[in-house]
Amino acid sequence: PIFPVLFKYYASNSLGHCVFTNDEEFDISDLSITMYVSQYMANPTTCQTEPDVGAGESVDVEIYALFTDEVLNLTEKTVVSVEFTVSGTADGRQFENQFTESIDLFDRNTITWAEDQRAAAFVTLKDPTVLKFAKTTSGIIRDSTYNALNNNLQLAIALHEAITFYGIRYVIDPASSYAELSGAGSAFDYLQFPKQTIDYKAGDCDDLSILYASLLQAVGIETAFITIPGHIYIAFSTGVPDWQAVKQFRYHEDLIIRDGKVWLPVEVTSIGDGFMKAWQIGAKEWRENESEAGFIPMSEAWSTYAPVGIASQADTLDSLDSQTLINAFNSEIEIFINREIYDTVDALRERIASSNNNPKLMNRLAVVYASYGLYDQARAELEKILESTEYVPAII
């Protein structure tokens, strides 16, 4: 079977093979075998073979195909004729023979899970609809971001909430699900391109993971697929090295450290429950399955399975309600900050109360607030100190 979504892959990776047998009594030299599908290839593609085949010998020939993106217009499985041309020199004379075979060319959404990284071909960050969705979301929350917080985290929160408020929902596909098909590498699955998930406003775990990864990549955030038994979801890079994790994140058990980078796992199927819940679920799934989990950085998967896109018009995208998105974004940021600093703030307040408002402790509390962008709370603590004493650190 030939999968249109892998058409770039077939240009340098074998899609199958044939056997050439020399039944003559003399050697054949300058052997060349090409394949051609008239509607979906611009020119015949030369297959990899040995130039010389001795009398009575056989050679296994790897078949390559340089398809055009016309194959991405296929919405139904079709049988196409393939013309193989065999040429060479035999007994001092040149010859050329043609053979016709038929192959199955599947629709653009069909794939098998022979390799989980194949899903990367659907992560189309340059699709106009994806770009407009991601860039519009980024622009809406630009003036609401916190300079003190990780920028990748804030964009990931905004995009997650944008998916929710755009009306996209998680829908299990009983006839085609990763849980059912991932263990059977030859079983056919139906995966949606990001534009399709946006248009349909629904998708299963692989569809939503592909969409979220595409949106994150579109704003420059590196992503990875996580595979655990019966499930696939994603992680994104915070853009900071592992040694900075202790400074930016309190709960290290909710992080993934890979190749010196700090990643956050996100369970996108919990769409509608908020980013923080999706992060915590994703982290829990990773902890419980880490020993058998797969971690596939998108950049590595793309080196084999390059992304491809279907025709898309960005002007078909519905508008996002700016204020609703900003409110949801601020709510998730508040949950994150409170989760990060609650224990520290609570402990400091107890110590401040028992120390009769020790200015050093109050100043430390102000620093905690300021480090998370809560400048109003930080200023309030500093001003409290200066009401009773000219404490230099508070003045500074």
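Residues numbered from 1 in each chain as written. Predicted model: local features only at pLDDT ≥ 70, side-chain atom pairs only at ≥ 80, totals over all residues. Heavy atoms only, no water.

## Notes on the overall build of the protein chain
Then, number 1: In terms of regular secondary structure, the protein chain is built from twelve helices and 15 strands.
Then, number 2: Radius of gyration (C-alpha) of the protein chain: 28 Å, far over the 21 Å computed for a compact globule of 396 residues.
Then, number 3: Expressed along its principal axes, the backbone C-alpha trace of the protein chain runs to roughly 105 × 40 × 35 Å.
Then, number 4: Buried residues in the protein chain amount to 51% of all 396 residues.
Then, number 5: Of the contacts made within the protein chain by residues no fewer than 6 positions apart, 70% connect residues no fewer than 24 positions apart.
Then, number 6: Roughly 18,700 Å² of accessible area belongs to the protein chain as shown, and the carbon and sulfur atoms make up 46% of that amount.
Then, number 7: For the protein chain, the distance from the average site of its 26 positive side-chain charges to the average site of its 57 negative ones is 14 Å. (Helix = DSSP H or I, 4+ residues; strand = E, 2+ residues; numbered from the N terminus. Rg over C-alpha atoms; globule rule 2.2 N^0.38 Å. Buried < 20%, exposed > 50% of the residue type's maximum accessible area, 1.4 Å probe, protein only. Contact = heavy atoms within 4.5 Å. Areas by Shrake-Rupley, 256 points an atom, 1.4 Å probe, with all protein chains shown as cover. Lys, Arg positive; Asp, Glu negative; His and termini not counted. Charge placed at Lys NZ, Arg CZ, Asp CG, Glu CD.)

## With respect to the packing of aromatic side chains
Then, number 1: Tallied over the full model, the rule gives 15 aromatic pairs.
Then, number 2: Relative to F275, the ring of F236 lies with its centre 6.4 Å away and its plane at 50 degrees, an arrangement referred to as tilted. Highlighted residues: F236 in strand β12 (residues 231-241) and F275 in helix α7 (residues 275-289), separated in sequence by 39 residues. Assigned by exposure class, F236 and F275 land together as buried.
Then, number 3: Feature note: the residues F236, F249, F275, W279 and F336 constitute an aromatic cluster, connected by ring pairs.
Then, number 4: The lysine or arginine in question, R250, covers the ring of Y251, its NZ or CZ lying 5.8 Å from the ring centre. (Phe/Tyr/Trp six-rings, centres within 6.5 Å; stacked < 30°, edge-to-face > 60°. Lys NZ or Arg CZ within 6 Å of the ring centre and 35° of its normal.)

## Focus on the pattern of salt bridges
Then, number 1: For the structure on display, the rule yields eleven salt bridges.
Then, number 2: R250 is paired through a salt bridge with D343; the nearest N and O atoms lie 3.5 Å apart. Within this pair, whereas R250 is found in the loop between α6 (245-248) and β13 (256-258), its partner D343 is found in helix α9 (residues 322-354), the two being separated by 93 residues in sequence.
Then, number 3: Taking the shortest distance from any N to any O, the salt bridge between E381 and R349 comes out at 3.2 Å. Of this pair, E381 sits in helix α11 (residues 375-388) while R349 sits in helix α9, and the two are 32 residues apart along the sequence. (Salt bridge = Lys/Arg side-chain N within 4 Å of Asp/Glu carboxyl O.)

## Here we look at α9
Because each turn of an α-helix spans 3.6 residues, side chains separated by three or four positions end up pointing in the same direction.
Then, number 1: The end-to-end C-alpha distance of α9 is 45 Å, a good match for the 48 Å that 33 residues give at a rise of 1.5 Å each.
Then, number 2: Of all the bends found along α9, the most pronounced is centred on I341 and spans about 50 degrees.
Then, number 3: Count one or two residues on from α9 and you reach N356, which has phi positive near 60 degrees. (Expected span 1.5 Å × (residues − 1). Bend = angle between axes of the 7 residues up to and from the residue.)

## Thoughts on the packing of helix α2 (residues 151-165) against helix α5 (residues 205-218)
Then, number 1: Axis separation between α2 and α5 bottoms out at 10 Å; the angle between their running directions is 135 degrees. The pairing of α2 with α5 is recorded here as oblique in orientation. For the pair α2 and α5, the crossing hand works out as right-handed. Only L211, Y212, L215 and L216 of α5 make contact with α2, whose side of the interface consists of A156, L159, H160 and I163.
Then, number 2: Of the residues belonging to the contact of α2 with α5, the class tally is seven nonpolar, one polar and no charged. (Axes fitted to C-alpha atoms, helices over the stretch in contact; angles between N-to-C directions. Parallel < 35°, antiparallel > 145°, perpendicular 65-115°, else oblique. Left-handed = near helix turned anticlockwise from the far one by under 90°. Nonpolar A, V, L, I, M, F, W, Y, C, P; charged D, E, K, R; others polar.)

## Quick word on the sheet that holds strand β3 (residues 45-46)
Then, number 1: With respect to topology, four strands assemble into an open sheet ordered β3-β2-β5-β6, the strand pairing being antiparallel. Each edge of the open sheet carries a strand with a single partner, namely β3 and β6 (93-105).
Then, number 2: Here strand β5 (residues 78-90) pairs with β6 via 13 bridges, running antiparallel. Considered in β6, the bridge of V80 is made with I103. (Pairing = 2+ DSSP bridges.)

## Considering the sheet that holds strand β15 (residues 294-297)
Then, number 1: Ordered in space as β13-β14-β12-β11-β15, the five strands form an open sheet in which the pairing is antiparallel. The sheet is open, and its two edges are formed by β13 and β15, each paired on a single side. Along the sheet, successive strands turn relative to each other by an average axial angle of 35 degrees, direction set aside.
Then, number 2: As judged from the five bridges shared by β12 and strand β14 (residues 261-266), these two strands associate in the antiparallel manner. Its bridge partner being in β14, P241 is matched across the sheet by K261.
Then, number 3: Seen against the sheet, α2 touches β12 and β14 and runs at an angle of roughly 145 degrees to β12.
Then, number 4: Lying on the sheet, α5 is in contact with β11 (223-228), β12 and β14; it crosses β12 at an angle near 20 degrees.

## Notes on the nonpolar core
Then, number 1: Of all hydrophobic cores here, the largest spans 118 residues; its most connected members are F67, Y212, F225 and F275.
Then, number 2: Among the elements that line this core, the one with the most residues is α9, at ten residues.
Then, number 3: Those residues within four positions of F67 in sequence are excluded, and the remaining contacts are I2, F7, Y10, L15, V37, Y40 and M41. (Core = buried A, V, L, I, M, F, W, Y, C linked by side-chain atoms within 4.5 Å.)

## Focus: the packing of α2 against α9
Then, number 1: Their axes nearest at 9 Å, the elements α2 and α9 cross at an angle of 130 degrees. On the basis of the axis angle, α2 is oblique to α9. α9 is crossed by α2, and the crossing has right-handed handedness. On the side of α2, the interface is formed by L153, Q154, I157, A158, E161, A162 and F165, while α9 contributes T324, L325, A328, F329, E332, I333 and F336.
Then, number 2: A breakdown of the residues in the contact of α2 with α9 according to their chemical character gives ten nonpolar, two polar and two charged.

Any functional reading would require information beyond the geometric quantities listed.
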